[in-house]
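Overview (structure and organization)
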Amino acid sequence: MKVLVIGSGGREHTLVWKLSQSKKVDKIYAIPGNGGMYEMAECYPLFDPEKDIDQIVKFARENKVDLTVVGPEDPLSGGIVDAFQKNRLKVFGPIKKAAQIEASKCFAKRIMNQNNVPTGRFAVFADLKKALTHIKTIKYPTVIKADGLAKGKGVFIVNTFSQAKNVLDDIMKKKAFGPAGEKVVIEEFLQGKETTVLGFSDGHTVSLMPLSRDYKRLKDHNKGPNTGGMGAFAPVRIPGRELQYIKDKIFLPTLRGLEKEGAKYKGVLYAGLIKTDEGYKVLEFNCRFGDPETQVVLPLLKTDLVDILMAVIEEKLDKIKIKWKKRTCIAVVMASGGYPGKYEKGIRISGLRGKKEPGVMIFHAGTKVKDNVCCTNGGRVLNVTAVARTFEKASKMAYNAMKDIYFKGMVFRKDIGS
Ligand code: GLY
């Protein structure tokens, strides 16, 4: 079969890599793809998945694509799945209405509230004056979130009234995030360990993947600014009764709630959880695979990914048994100097072709091939990933593999998996 993967990051490179292992897959296309996917996929870098939905549908029809997998949230919330479905094309990911679980923080909070899904206390505002009155009455620190998609930059932890006022002014008055800031959620600050739980859902049932954790801060020992993720590991091991709680009290009521809204959820549901003194609570839902969590979860998958994706699309998830390897996996992100602020692109990367130890994979995130040379093309550039019996071994393997790789200005954390 012919498969199309939409997206250009480390998550999508991992999807391409995993799909390329399926005996059912003859050909993979990637739109727009990245510099690491060329060996496994035919890439079409000129399409923009956010803007060119109609052209991408046309591409899939003309090339007789049998299955499309959508990685990022923007095309999902822009309705790419609805457009594929309208054209009777098989596609993996939630419809636009269901993708609101990520695209609108207010929508997600309402669904959680109505379905008794544990989450932090919150209030929603569309009016700046009312929000300013509210922040005089609350405890600090507190969390302010722009309602809509803001490229991962719309969440703020503020410690004082004056910080909160500045953030509200930026979002609601100066429109720093455009229409994504028309409403805000002001939310209780929760403390505890964070864990990512990804679940395949066919709208009726859910199958949880191994739990994972990403490293959000730029520097070792969780110092420095927040980033899109500087590394990740899986599995995060928790007792079986806690897993059952997450399935029964978080995932299933959310899916039922979405279905009641006419938004049957088919795809991967991402729950960012925090374990507080009162138990697990939802920090956020996302409508897709996590990045860089996918890079450490999919290498542990034993079952053919195509079978799972088709079972989701055909609403037969309860008919298959999904198996996972009893191994550990870590991914270290190599990023451009200056990230998460300004950084240069187009820097030559060397050492990618060297022989790698079995169990080591290099998933590209922000790269492109220019004149046959692989260059940096984003903030997060590479995910050096290793699967082993223990975290210690996986970490050693990943850092060993990184010794061969170089690009000017590169930065990475040295404590991933330790
Ligand atoms: N790792 C965070 C995310 O995928 O949203």
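Residues numbered from 1 in each chain as written. Predicted model: local features only at pLDDT ≥ 70, side-chain atom pairs only at ≥ 80, totals over all residues. Heavy atoms only, no water.

1. Structural notes on the overall build of the protein
Summing up its helical and strand segments, the protein has twelve helices and 22 strands in all. On C-alpha atoms alone, the protein measures out to a radius of gyration of 21 Å, which is about the 22 Å that the 2.2 N^0.38 rule sets for 418 residues. Principal axes of the C-alpha set define a box for the protein whose edges measure 60 × 45 × 45 Å. Put simply, the protein shows about 19,100 Å² of open surface, and 49% of that area lies on carbon and sulfur atoms. Across the protein, 72 positive and 45 negative side-chain charges occur, with their mean positions spaced 3 Å apart. (Helix = DSSP H or I, 4+ residues; strand = E, 2+ residues; numbered from the N terminus. Rg over C-alpha atoms; globule rule 2.2 N^0.38 Å. Areas by Shrake-Rupley, 256 points an atom, 1.4 Å probe, with all protein chains shown as cover. Lys, Arg positive; Asp, Glu negative; His and termini not counted. Charge placed at Lys NZ, Arg CZ, Asp CG, Glu CD.)

2. Quick word on the pattern of salt bridges
This model, assessed by the stated rule, comprises 29 salt bridges. For the salt bridge of Lys266 with Glu315, the shortest nitrogen-to-oxygen distance reads 3.0 Å. Placement of Lys266 in strand S16 (residues 266–276) and of Glu315 in the loop between helix H11 (305–313) and strand S18 (328–335) is noted, with a sequence separation of 49 residues between them. What makes Lys266 buried here is its relative accessible area of 17%. (Salt bridge = Lys/Arg side-chain N within 4 Å of Asp/Glu carboxyl O. Buried < 20%, exposed > 50% of the residue type's maximum accessible area, 1.4 Å probe, protein only.)

3. Structural notes on the sheet that holds strand S10 (residues 193–202)
An order of S11-S10-S16-S17 is seen for the four strands of this open sheet, with the pairing classed as antiparallel. The sheet is open, and its two edges are formed by strand S11 (206–208) and strand S17 (279–286), each paired on a single side. Each neighbouring strand pair of the sheet contributes to a mean axis angle of 35°, computed without reference to strand direction. One ladder, built from three bridges, connects S10 with S11; its direction is antiparallel. Note on S11: the bridge partner recorded for Ser201 is Val206. Relative to the sheet, helix H9 (residues 240–260) contacts S10, S11, S16 and S17, its axis offset from that of S11 by approximately 140°. (Pairing = 2+ DSSP bridges. Axes fitted to C-alpha atoms, helices over the stretch in contact; angles between N-to-C directions. Contact = heavy atoms within 4.5 Å.)

4. Overview of the site of the ligand
With respect to spatial proximity, the complete set of residues near the ligand consists of Asp214, Tyr270, Asn286, Arg288, Gly290, Asp291, Pro292 and Glu293. Note that an oxygen atom of the ligand is positioned 2.8 Å from one of the side-chain N or O atoms of Arg288. For the ligand, a nitrogen atom lies 2.8 Å from a polar atom in the side chain of Glu293. Protein burial of the ligand: of its 190 Å² of free accessible surface, 87% is covered by the chains. Residues belonging to the shell around the ligand are distributed by class as follows: two nonpolar, two polar and four charged. (Near = heavy atom within 4 Å. Polar contact = N/O pair within 3.5 Å; in protein donor to acceptor, adjacent residues only side chain to side chain. Nonpolar A, V, L, I, M, F, W, Y, C, P; charged D, E, K, R; others polar.)

5. As for unusual backbone geometry
Residue Pro32 is reached from Ile31 by a cis peptide bond, and omega for that bond is -5°. In this structure, Pro32 sits in strand S2 (residues 27–32). Pro292 follows Asp291 through a cis peptide bond whose omega is 15°. Mapped onto the elements, Pro292 comes out in the loop between S17 and helix H10 (293–297).

6. Some details on the side chain of Lys105
Along the chain, Lys105 turns up in helix H6 (residues 105–114). Glu102 provides the closest opposite charge to the buried, unpaired Lys105, separated from it by 5.6 Å. Residues in contact with Lys105, not counting those within four places in the same chain, are Lys145, Ala146, Asp147, Gly148 and Val185.

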